[in-house]
Structure formats: structure tokens, C-alpha cells
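# Understanding the architecture of this molecule
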Amino acid sequence: MAKNESNSDSQGTISRRDMLKTAGVGGIGVLIGASGLGGLMSITESKASSTGAKEVVSYYGKHQAGITTKTQNNVYFIALDVTTSKKEDLVKLFKEWTLAAALMSEGKPVGELSSNEFLPPKDTGEAAGLSASNLTITFGVGPSLFVKDNQDRFGLKQKQPKELADLPKFPLDALEEEWSGGDLCIQACADDLQVAFHAVRNLIRIARGKAILKWAQPGFQRTKHADAKEGTPRNLFGFKDGTVNPDVKNENQVNEQVWVQPGDGPNWLAGGSYLVVRRIQMFIEVWDRTNLKEQEATFGRYRDSGAALGQKDEFEKLDLKHKHANGSYSIPGDSHTRLSHGNGSEQILRRAFSYSNGMDPKTGSFDAGLLFLCFQRTPSKQFIPIQKRLSEMDKLNEYTSHRGSAMFACLPGTKQGGFIGETLFN
Amino acid sequence: MKLIKLSGILLLSSSLLFGCANTDTTSTTEKEKATKNVAADALKGVTDEYRKYAIGEIEEFVKATEVFTTAVKNGDIDKAKALYAPARMHYERAEPIAEVFGDLDPKIDAREGDVPEVEWGGYHRIEKGLWDETTTKGYEQYAEQLMKDVNLLRAKVDTVEVTPDMLITGAVDLLNEVSTSKVTGEEDRYSHTDLYDFVANVQGAEKIYQLLNPALKEKDAELSKEIGARFDEVYSLLNKHKKEDGYKSYTDLSKEEVKELSQAIDALAEPLSQIGIVTEAS
Ligand code: HEM
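Every value quoted in this text rests on a predicted model; they were computed, and no experiment measured them.

Time to look at the overall build of chain A. When its secondary structure is counted, chain A shows 12 helices and 13 strands. Counting across all 426 residues of chain A, residues that qualify as buried make up 54%. Within chain A, contacts between residues separated by at least 24 positions form 79% of all contacts whose residues are at least 6 apart in sequence.

Rendered as C-alpha cells:
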């Protein structure tokens, strides 16, 4: 997913570390003590531009960050169930979440240290002194927030978009309740796992008594540090993953493929996007004893270069008609590339991360795989038809198993002073 | 709000200007003094009340331990088993005070492996005899020693100074106890009577909340209401697991039910951890 980049998302803002450094200089500290924190901010902020720190993704905007944002090194993804039955609690929660998320996106703690030592600190503290690390926090709502056990829980039933429905059951699905569903989701991505974890931890803490953790899955990619050229990251099968994706810098394309448009459904979701999550276990031990030819035939791409079979360059347009001398297709009919591409009319914005959860105690093998996250404007025309083809024929299915699944509508963005979810709840 | 005024400086000294050791220490000690004085004066009545409550529980604990240890010594295994869990509840309710005696607490309440085998005695040692080995034989000496230690606890408790700090920390600690050992079934690993300890810890925390509540209401009525509602939720979950005069065995809880209890405790403990605002001058 190396190509995902949206310039408007990144801005040169000061990191917390820079602020600390500056604050320590000379006698400024004393001066600040008298004038308060606001003073400090303005002093350092004017200096910040010269440091050129580009690790803050702005939180507020027409769309939530974390969708067309250049994919960070890490994700911490959580699904939650709402426990309160009051809509006003839910609104309060989203207001508090918005403020906290905006602060953390700037590398700031969710609350200041109180002078009362009999209180636990507001912020949990493990991100103190760390840069914002391009942290993005993306909130979504699941179908069960609207209707659960036939109950219109919060009087929102009328607002539920048709597209926001449980996914159909696909052949070979091996879904487990403990990795599926959720009334809400939070996707926290950052170039540092501790920063991402800090974010979800504090958001969950704010939600205590209103929502509980349903499931959680961290994920990773190679770091940008490890790959100075920032090529397409490789998945745990060793193949470049993320080559073909909508161009997030092309506004027409993202409006066409990713962002829900006015008139698509209920207007509260315009500017939002549907997220389909699949937690896909990859049997890496089995894969590792599969010969290279077979591996490449499975994806329909060369492992080394990432180019489609029979072609040269990773980013070359697929030549699906290309044939071997014996008349068979170079990109096999049951290969992942051919099947997921289809006729090219369905596209999704993939933003997947690898995961490894240590050992599967049942088998003694690794519990590793792909936290497949994809964004789109209309699931019924994008993820669902693609996955239908894949689940029926994909050669990759011999090496993978879909263990978890969920669908969320990621809310549109908000302006400073507003809150995420305002269009839905108001 | 005296304390809040300080916060601008304190915030900077502790979180930003950690290089300036001087400013840091002075403001911290001043802050401590300010908080403690305010707290101690305003909450005097409350600490006295709590003292009465805790000593009352310890007195009940002495009586219950008396009957329990007698049953063990008489070889009346069924009676001993029936008395075990209810007796412990008194101790678990008064844990913030009982714990003050770092030497006695392990003697009375250590679990297997907490202390070297040769030193291990107390309630859980006898629990192992009753449930795991189904005997009281050889356990008379432990019963004897337990009674002595509990009597000593009763005598020492009179010397404890109850501070607001003890209450504020104690309330959350009681729930932390639940989160870390009761909800996992590790407290009573042979008898599986963990739910009794669970309930007692919650009741102990609730007592502190009730005592501090008038002061809390003045500071933050909404928080007070929220904590009250969360206690109700925990009790309504616990009520589902009542059986005869007591509670179900821990092993009869489903994984889902354990998770539900655990998350309800988290939901209660988070707002309860804000109860320290009662120490702030207004
Ligand atoms: C463990 C599971 C999966 C693995 C390891 C995997 C891996 C890959 C790889 C290596 C490629 C080729 C390079 C690229 O274009 O990025 C690819 C392409 C693609 N995959 Fe997957 N994938 C998985 C699951 C899925 C699922 C569940 C879907 C959606 C239903 C999907 C949709 C796509 C699409 C749309 C493409 C691009 C096709 C095109 O060329 O137009 N993949 N995947």
C-alpha cells in the first residue's frame, strides 16, 4: 500500500518531543510558569515550522484521517460493544472521543496532570515525550448499533443505510464470534505501536461504563525505517501486497471508489466510507513448504519483483490475455490476482496489515495472518462480489482461513468544535 | 479552588520542565501538604465512621474464625466447608485495614505459592485440606495458629490510624483485588468460592463510597450518581449467581459470565478512581 498518500493529510506541526526540548531551553520555563500553558504553546509553535517535523496528520477535516492517509507502520484495531442504553451517553462518548483523538493526533496527552495526587492521571502516560508518529484514529459504527436482537436500540433504525448490513456468508468462511462484529470500531494507525496502543487504551478508558471491548487485533507492516525506498510492503507469504489500489491523490477516483457521496444513502454518511475487516489466518508453515512455482501461480505474480506473471514491472497494467506457448494463461484462472481483479470494474482501497499473535495453543503453529482492512463507497458492488469470486475459486484459499469479519460505516470527518458522529446523532 | 490554581505551575514542573529539580520538589511537597490538611480536616467524621465499620468486620471475623477453626479441630469437615467462605467475607470487606499488617496478612490469607511451603498456613492452607485432600487430619495445628493470628489482628487493629488516603486508595484497591484474582478464580482455587470474596470486596468498596458520598455529591453530583449506578449493575450481575444462601461455584460460571463480571468491575472502578476529588478544597 506504499502508494497511498494524501498530501493534504500531512502538515508540518510540532511534535511533543520538540516542545519538551524547547521548553527546557534557558529561562523560558519560569516565564511559562507564570503565563500558563497557552503561552508555552504559542512560543513553541512559532518555532516549530523550522524543525520541519512532519509526523502529525491533521485530525479535523471533511473526511476522517486513516483512510486515504499513507499507510502507517502499525495498526491497533478494536471493535466495541455498546453497553449503555441511552443515546445521550453515546453522544457524550463521541464528543469526549473526538476531543481526545484530536489531542492525541497532535502528540498531546488526553488530559493534563492534575495537582491532586489522590486522582489517577487522566492520560495513561506511555506516549509522553513521543512524537505523534502520524497517528490517525478512525471511528466506525456497525449494523448492530442500529438494530440488535430486533431492537431499535437508540432510535437510529430509520437511519441505517441498506449497505450497512452483515456480510453474506461466503463459502469456506470459518468465522469465530470472538473475532467478529461489533457495535463500534476504532482503527488507530501510527508509525509506532506504542503510540497506537496508547490511543486505543485511552479511548477505551474514556468509554468505561458505556462500551466494552469486543475484540482487538494489532497489526504491522515493515517499518519505513527498514525500507528507505518505501517500496510496496510484503505480506507474511513474502509477496508484495498493495500494488494495485485506487490512487488516493486522485480526487475523482476516491470520490468514485472510497467516499460515500450525497444521495448514495442516508446523508449522514456522505463523506464517510464503509470498512470491511477480515481477520484472515495464514498457514505460514504450509506455505513455506510449497514450491516457488506454485506460490507464484497462487498469486499470479512473481515473488521477487511483484510483477504479474509474464510481465516485467510491478506496476504494469495487468495483461490478463497473456498466454504461455502451450495456450494456458500466464496469470492462472484460479490465481488471486486474476480473480480479485475480475474485469476491473470493482475496486477497493486496501489498507491491510500483517498480524502475529504468538502461538496457536491448539496446534503449536504460529497464529499469524492478515488483518485485511478495506474501504469503499458501496460494499455490495465492491468487496462482496470480489470476495464471492475469491471464496469460490481462489487458489490462495488452500493456505488461508477467514476467522473474523466485521463491517462498519466510518463516519464523515468533523470541524474543530464539532464531533465525530454529529451527522448521525443530531 | 486552591489546588486548581496551583495546577498551571505543577503541570509544567512535572510534565514539561523535568530538568528543573528545584521547582519540582518544592511545589510537590506544598501540594501534598495542602491536600492532606484539607482532606484530613474535612473528612475526619468519615474516617472515624470507617474505623468503626472495619473494626466491626474484624470482630465478626474473629467470631466466624472461632467457629470455623473449632470445626476443623473437631474433624467436622462438612461444617468447616460450609463456614469457610462466609467467614472470609468479613476479612475481605475490611481488607484496606487488614492489609496494613504486612506480617499478619500473609499468615491469614496467603495462597499456595505466595510464601515458602514451610511457612504456608492460614485459610487457604486449610482450604486445600478440606477440598483437595478432603480431610481435616493434620490441619488442627493450622487451625490453632490461624485463630492466634486472627486474635492478634483484632488486637492490633485498634492501633491503625485511618486516613482519607487509606479510604480513597482502599476503595479502588478492593476492586483491583477482584479484577486480578477473584475474577480469575485464583483466590479460592480448591473451594471455588471466589464469588464470596468477590462480593465482599465490592461491599467493602461500596461502604467507602457511601461514607464519602455526601462530600462527593457536593463536588460532583453526576459522578456520584454514576458510581451508584455502576454498583447497581455489578450487584445485579452478582445476583444472577446467587444459590441458596450463598453463591455459585466459580467453576459453574461460563466464560461469557466471567467476562461480563470483569468488564462490569472495570466500568465501576474507573469512575470510582475519581473519588479522590473529595480531598480538594472548594
Ligand atoms: C490472506 C489473504 C490475502 C492475501 C495474502 C492477499 C494478497 C494479495 C497480493 C499479494 C496481491 C497482489 C499485489 C497487489 O495488487 O497488491 C493482492 C491483490 C489484491 N487482493 Fe488480495 N490478499 C488477500 C485477501 C484478499 C481479500 C479477502 C480480498 C478482497 C475480497 C483481496 C482483494 C485483492 C484485490 C482487489 C487485489 C488487487 C487486484 C487487482 O490487481 O486489481 N485480497 N492480494
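Still more to cover.
What follows deals with the UniProt feature "domain: Imelysin-like" (unreviewed entry) in chain B. Annotation from UniProt places "domain: Imelysin-like" (unreviewed entry) at residues 47-274 of chain B. As a span, residues 47-274 of chain B carries 72% helix and 2% strand, and end to end its C-alpha atoms are 18 Å apart.

Our next topic: the coordination of the iron atom of the ligand. Exactly one donor from the protein chain reaches the iron atom of the ligand: His336(A) (NE2), at 2.0 Å. With respect to the helices and strands, His336(A) occurs in helix H10 (residues 336-341).

A few words on the pairing of strand E7 (residues 184-190) of chain A. Residue and element names in this part refer to chain A. The buried count for E7 comes to 7 of 7 residues, which makes it a mostly enclosed element. The two faces of E7 match: Leu-184, Ile-186, Ala-188 and Ala-190 on one face and Cys-185, Gln-187 and Cys-189 on the other face are all buried. Relative to E7, strand E4 (residues 136-141) is paired through 6 bridges, and the arrangement is antiparallel. Its bridge partner being in E7, Thr-136 is matched across the sheet by Cys-189.

Right, let's get into the domain arrangement of chain A. As far as domains go, chain A holds domain 1 (16-54) and domain 2 (60-425). Taking the mean C-alpha position of each, domain 1 of chain A and domain 2 of chain A sit 36 Å from one another.

When pLDDT is averaged across chain A, the result is 89; 88% of the residues are at 70 or more. Considering only residues more than four positions removed or in separate chains, one finds that residues 1-52 of chain A, a stretch of pLDDT under 50, has 94 contacts.

Let's shift gears to the UniProt feature "domain: Dyp-type peroxidase C-terminal" (unreviewed entry) in chain A. Residues given the UniProt feature "domain: Dyp-type peroxidase C-terminal" (unreviewed entry) here are residues 232-414 of chain A. For residues 232-414 of chain A, helix accounts for 20% and strand for 22%, while the C-alpha atoms at its two ends are 31 Å apart.

What follows deals with the pattern of salt bridges. Within this structure, the stated rule accounts for 47 salt bridges over all chains. The salt bridge involving Arg350(A) is made with Asp241(A); its shortest N-O contact spans 3.1 Å. Taken together, the positions of Arg350(A) in strand E10 (residues 349-350) and Asp241(A) in the loop between strand E8 (211-220) and helix H7 (251-257) put the pair 109 residues apart, joining distant regions of the chain. Summarising the burial analysis for this pair, Arg350(A) and Asp241(A) share the class buried. The salt bridge partner of Glu260(B) is Lys240(B), with a shortest N-O separation of 3.6 Å. You can see Glu260(B) sitting in helix H12 (residues 255-272) and its partner Lys240(B) sitting in the loop between helix H11 (221-239) and strand E1 (242-243), a full 20 residues away along the chain.

With that settled, the discussion passes to the layout of surface pockets. A probe as big as a water molecule, rolled over the atoms, marks out the empty space that is left. Residue and element names in this part refer to chain A. When its volume is computed, the second largest pocket comes out at roughly 1200 Å³. Val-244, Thr-337, Ser-340, His-341 and Arg-350 are, among the 43 residues lining the second largest pocket, the residues nearest its centre. Looking at the lining of the second largest pocket, its residues break down into 17 nonpolar, 15 polar and 11 charged.

Attention shifts here to the environment of Glu126(A). All names here are of chain A. Position of Glu-126 relative to the elements: it lies in the loop between helix H4 (87-105) and E4. The class of Glu-126 is buried, set by a relative accessible area of 18%. The spatial distance from the C-alpha of Glu-126 to the C-alpha of His-198 is 6.5 Å, given a sequence separation of 72 residues. Apart from residues no more than four positions distant in its own chain, Glu-126 is found in contact with Gln-194, Phe-197, His-198 and Arg-201. At 3.1 Å, the side chain of Glu-126 and the side chain of Arg-201 are in polar contact.

Once that is clear, we can look at the site of the ligand. Residues and elements named next belong to chain A. In the neighbourhood of the ligand, 26 residues make up the surrounding shell, with Gly-242, Thr-243, His-336, His-341 and Arg-350 lying closest. Within the backbone of Thr-243, one N or O atom sits 2.8 Å away from an oxygen atom of the ligand. Take His-336: an N or O atom from its side chain is 2.8 Å from a nitrogen atom of the ligand. Spatially, the ligand is embedded in the second largest pocket. Those elements giving two or more residues to the shell around the ligand turn out to be strand E9 (273-282), H10, strand E12 (366-376), helix H11 (383-393) and strand E13 (400-410). With 4 residues, H11 is the single largest residue contributor to the shell around the ligand. Residue composition of the shell around the ligand, grouped by class: 13 nonpolar, 9 polar and 4 charged.

Residues and elements named next belong to chain B. One non-glycine residue, Thr-134, adopts positive backbone phi at about 40 degrees. Inspection of the secondary structure puts Thr-134 in the loop between helix H7 (122-132) and helix H8 (140-157). Positive phi, close to 45 degrees, is recorded for Glu-244, a residue that is not glycine. Relative to the assigned elements, Glu-244 resides in the loop between E1 and strand E2 (246-247). Owing to a relative accessible area of 74%, Glu-244 belongs among the exposed residues under this scheme.

Looking now at the environment of Asn267(A). Assignment of secondary structure puts Asn267(A) in the loop between H7 and E9. Its relative accessible area of 54% is what places Asn267(A) among the exposed residues.

Here we come to the packing of helix H9 (residues 164-182) of chain B against H12(B). All names here are of chain B. Viewed as axis vectors pointing N to C, H9 and H12 meet at an angle of 160 degrees, and their least axial separation amounts to 10 Å. The angle between the axes of H9 and H12 places the two elements in the roughly antiparallel class. Pair H9 / H12 crosses with left-handed handedness. Where H9 approaches H12, its residues Ala-171, Val-172, Leu-175, Val-178 and Ser-179 are matched on the opposing element by Ile-265, Asp-266, Leu-268, Ala-269 and Leu-272. Split into classes, the residues belonging to the contact of H9 with H12 amount to 8 nonpolar, 1 polar and 1 charged.

Our next topic: the packing of helix H10 (residues 194-219) of chain B against H11(B). Residue and element names in this part refer to chain B. Two elements in contact, H10 and H11, have axes whose closest approach is 10 Å; the angle formed by their N-to-C orientations is 165 degrees. Classified by the angle between their axes, H10 and H11 sit roughly antiparallel to one another. Of the two elements, H10 crosses H11, and the hand of that crossing is left-handed. For the pair formed by H10 and H11, the contact residues are Leu-195, Phe-198, Val-199, Val-202, Gln-203, Ala-205, Glu-206, Tyr-209, Asn-213, Leu-216, Lys-217 and Lys-219 on the first element and Ala-221, Leu-223, Ser-224, Ile-227, Gly-228, Phe-231, Val-234, Tyr-235 and Leu-238 on the second. Of the residues belonging to the contact of H10 with H11, the class tally is 14 nonpolar, 4 polar and 3 charged.

What follows is about the environment of Ala270(A). Residues and elements named next belong to chain A. Mapping Ala-270 onto the fold places it in the loop between H7 and E9. For Ala-270, a relative accessible area of 24% corresponds to the partly exposed category. The spacing of Ala-270 and His-63 is 207 residues in sequence and 9.3 Å in space, taken between C-alpha atoms. When residues no more than four places from it in sequence are discounted, the contact partners of Ala-270 are Val-260, Gln-261, Pro-262 and Pro-412.

What counts, and where the lines are drawn
Residues numbered from 1 in each chain as written. Chains lettered and ligands numbered in written order. Predicted model: local features only at pLDDT ≥ 70, side-chain atom pairs only at ≥ 80, totals over all residues. Heavy atoms only, no water. Helix = DSSP H or I, 4+ residues; strand = E, 2+ residues; numbered from the N terminus. Buried < 20%, exposed > 50% of the residue type's maximum accessible area, 1.4 Å probe, protein only. Contact = heavy atoms within 4.5 Å. UniProt positions renumbered as here; feature names shortened; annotations may be inferred. Donors = N, O, S within 2.8 Å, 3.2 Å for Na, K, Ca; no water. Pairing = 2+ DSSP bridges. Domains from an automatic or database assignment. pLDDT = per-residue confidence, 0-100. Salt bridge = Lys/Arg side-chain N within 4 Å of Asp/Glu carboxyl O. 1 Å grid on protein atoms, 1.4 Å probe; cavity = no way out; pocket = protein on both sides within 12 Å on 5 of 7 lines; lining within 4 Å. Points joined across faces, edges and corners; volume = space filled by probe spheres on them. Nonpolar A, V, L, I, M, F, W, Y, C, P; charged D, E, K, R; others polar. Polar contact = N/O pair within 3.5 Å; in protein donor to acceptor, adjacent residues only side chain to side chain. Near = heavy atom within 4 Å. Sits in = over half its atoms within 2 Å of the grid points. Axes fitted to C-alpha atoms, helices over the stretch in contact; angles between N-to-C directions. Parallel < 35°, antiparallel > 145°, perpendicular 65-115°, else oblique. Left-handed = near helix turned anticlockwise from the far one by under 90°.

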